[in-house]
Amino acid sequence: MHRKLIIATAIASTFASVAVAAEPASPHTFTGNVGLVSDYLFRGISQSHGKPAIQGGFDYAHASGFYAGAWGSSISWVSDAQNVSVPVEIDVYGGYKNGFAGDWTYDVGLITYNYPGSKSVPANASAKADTTEIYAALGWKWLTAKYSYATSSHFIGWYGGVAGGDTTKGTKGSDYLELNANYDLGNGLTLIGHVGAQKVKNYVKSGDTDASYTDWKIGVTKDLGVGVVGLAYSDTSSKGTCNSTAGGTNAYCWGVYSTGGTTGYRDASQSQVVLSFTKSF
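Here is a short report on the structure shown in this document.

The rules behind each value
Residues numbered from 1 in each chain as written. Predicted model: local features only at pLDDT ≥ 70, side-chain atom pairs only at ≥ 80, totals over all residues. Heavy atoms only, no water. Helix = DSSP H or I, 4+ residues; strand = E, 2+ residues; numbered from the N terminus. Buried < 20%, exposed > 50% of the residue type's maximum accessible area, 1.4 Å probe, protein only. Contact = heavy atoms within 4.5 Å. Pairing = 2+ DSSP bridges. Axes fitted to C-alpha atoms, helices over the stretch in contact; angles between N-to-C directions. Phe/Tyr/Trp six-rings, centres within 6.5 Å; stacked < 30°, edge-to-face > 60°. Lys NZ or Arg CZ within 6 Å of the ring centre and 35° of its normal. Salt bridge = Lys/Arg side-chain N within 4 Å of Asp/Glu carboxyl O. Core = buried A, V, L, I, M, F, W, Y, C linked by side-chain atoms within 4.5 Å.

**A few points about the environment of Phe277**
So, point 1. Here Phe277 shows up in strand β18 (residues 272-280).
So, point 2. You can call Phe277 partly exposed: its relative accessible area is 34%.
So, point 3. Sequence separation between Phe277 and Asp223 is 54 residues, and the spatial gap between their C-alpha atoms is 9.8 Å.
So, point 4. If sequence neighbours within four positions are ignored, Phe277 has contacts with Val34, Gly35, Leu36, Val226, Gly227, Val228 and Val229.

See below:
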């Protein structure tokens with residue numbers, strides 16, 4: 001009887017092991033990230049007045065290709081421009097991505113850029129910072145092309161119309177086309193490159209260029225195991241004759257001030273070297 005019991009127990013254990021091994025993997029994946037940057041750049045434009053920013057977010061992905069997430073960063077650009085406390089940006093997004101033909105991928109989705117507190121900015125100023133975009137991307141190996149289109153009435157605080165004149169037009173329809181490269185050099189090193197073209201619809205300054213511009217970036221990241229360190233150089237074509245007297249000769253640039261006046265002026269579109277550290281978990 002003792003021998004039969006041992007054999008029966010062994011058989012039961014074998015079946016239990018097979019059942020555990022055969023249990024399918026969960027289709028749900030949850031990840032998070034936290035980071036620190038020496039300057040938060042959005043499409044080449046400083047959002048933190050050239051100062052460091054802390055960032056982080058959470059992501060959910062389903063095996064089918066659907067995903068959703070939220071990401072936030074400390075900022076100062078709304079406060080700098082309007083002297084209203086808006087210290088954070090919160091992005092919420094979702095979409096679907098998948099692959100085809102081996103090395104090709106695609107991604108479609110929607111993202112909202114939210115600035116809690118920005119609604120208290122006067123309505124006749126660059127008030128409506130909250131923005132919604134839809135996007136589509138096509139990737140091949142280490143290259144990705146992406147197109148984003150603003151569906152909200154205003155794009156990142158820009159009103160439409162000629163400065164000093166009609167400002168009733170919205171900037172819905174502003175768009176951004178970009179090409180990104182992430183080339184694996186081995187040993188945890190990745191070469192990154194980026195070029196993008198931002199169009200701000202309906203905004204034209206009288207006698208000068210409009211708010212549209214291009215930006216580009218080149219850099220490298222290194223996976224240290226405990227996190228990823230990055231170093232990149234970024235620049236834009238958005239160069240005007242802005243100065244500490246609130247714009248000089250009326251030329252356009254993305255300049256901001258530290259107190260909503262003319263003190264602490266800094267051209268937010270100037271070239272910049274950015275150091276970053278990101279930890280995923």
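**Re the sheet that holds strand β7 (residues 104-114)**
So, point 1. On the basis of which strands lie adjacent, the closed barrel formed by twelve strands has the order β1-β4-β5-β6-β7-β8-β9-β11-β12-β14-β15-β18 and antiparallel pairing. Averaged over neighbouring strand pairs, the angle between their axes works out to 20 degrees when direction is ignored.
So, point 2. As paired strands, strand β5 (residues 66-74) and strand β6 (residues 88-100) are joined by nine bridges and run antiparallel to one another. When the sheet's bridge partners are listed, Trp71 is paired in β6 with Asp91.

**Thoughts on the packing of aromatic side chains**
So, point 1. Evaluation of the coordinates by the stated rule reveals ten aromatic pairs.
So, point 2. Plain terms: the ring middles of Phe100 and Trp104 are 6.1 Å apart, the flat faces sit at 25 degrees to each other, and that makes the pair stacked.
So, point 3. By relative accessible area, Phe100 is classed as partly exposed at 37%.
So, point 4. On the numbers, 6.1 Å between centres and 45 degrees between planes, the contact of Phe100 with Tyr106 is tilted.
So, point 5. With relative accessibility at 31%, the residue Tyr106 sits in the partly exposed group.
So, point 6. Site record: aromatic cluster; members linked through ring pairs are Phe66, Tyr96, Phe100, Trp104 and Tyr106.
So, point 7. Residue placement shows Lys97 over the ring face of Tyr67; its charged tip is 5.2 Å from the ring centre.

**Quick notes on the pattern of salt bridges**
So, point 1. Inspection of every chain in the model, using the stated rule, returns two salt bridges.
So, point 2. The closest approach of N and O atoms between Glu133 and Arg43, which form a salt bridge, is 2.8 Å. In this pair, Glu133 is assigned in strand β8 (residues 131-140) and Arg43 in the loop between β2 (41-42) and β3 (45-46), connecting sequence segments 90 residues apart. Comparing Glu133 with Arg43 shows no difference in burial state: the two are buried.

**Some words on the nonpolar core**
So, point 1. In this structure, Tyr40, Ile75, Trp77, Tyr115 and Ile156 are the most contacted members of the largest nonpolar core, which totals 25 residues.
So, point 2. The contact partners of Tyr40, leaving out residues within four places of it in the chain, are Ile45, Ser46, Gln47, Ser48, Lys51, Ala53, Gln55, Trp71, Ser73, Ser74, Ile75 and Glu89.

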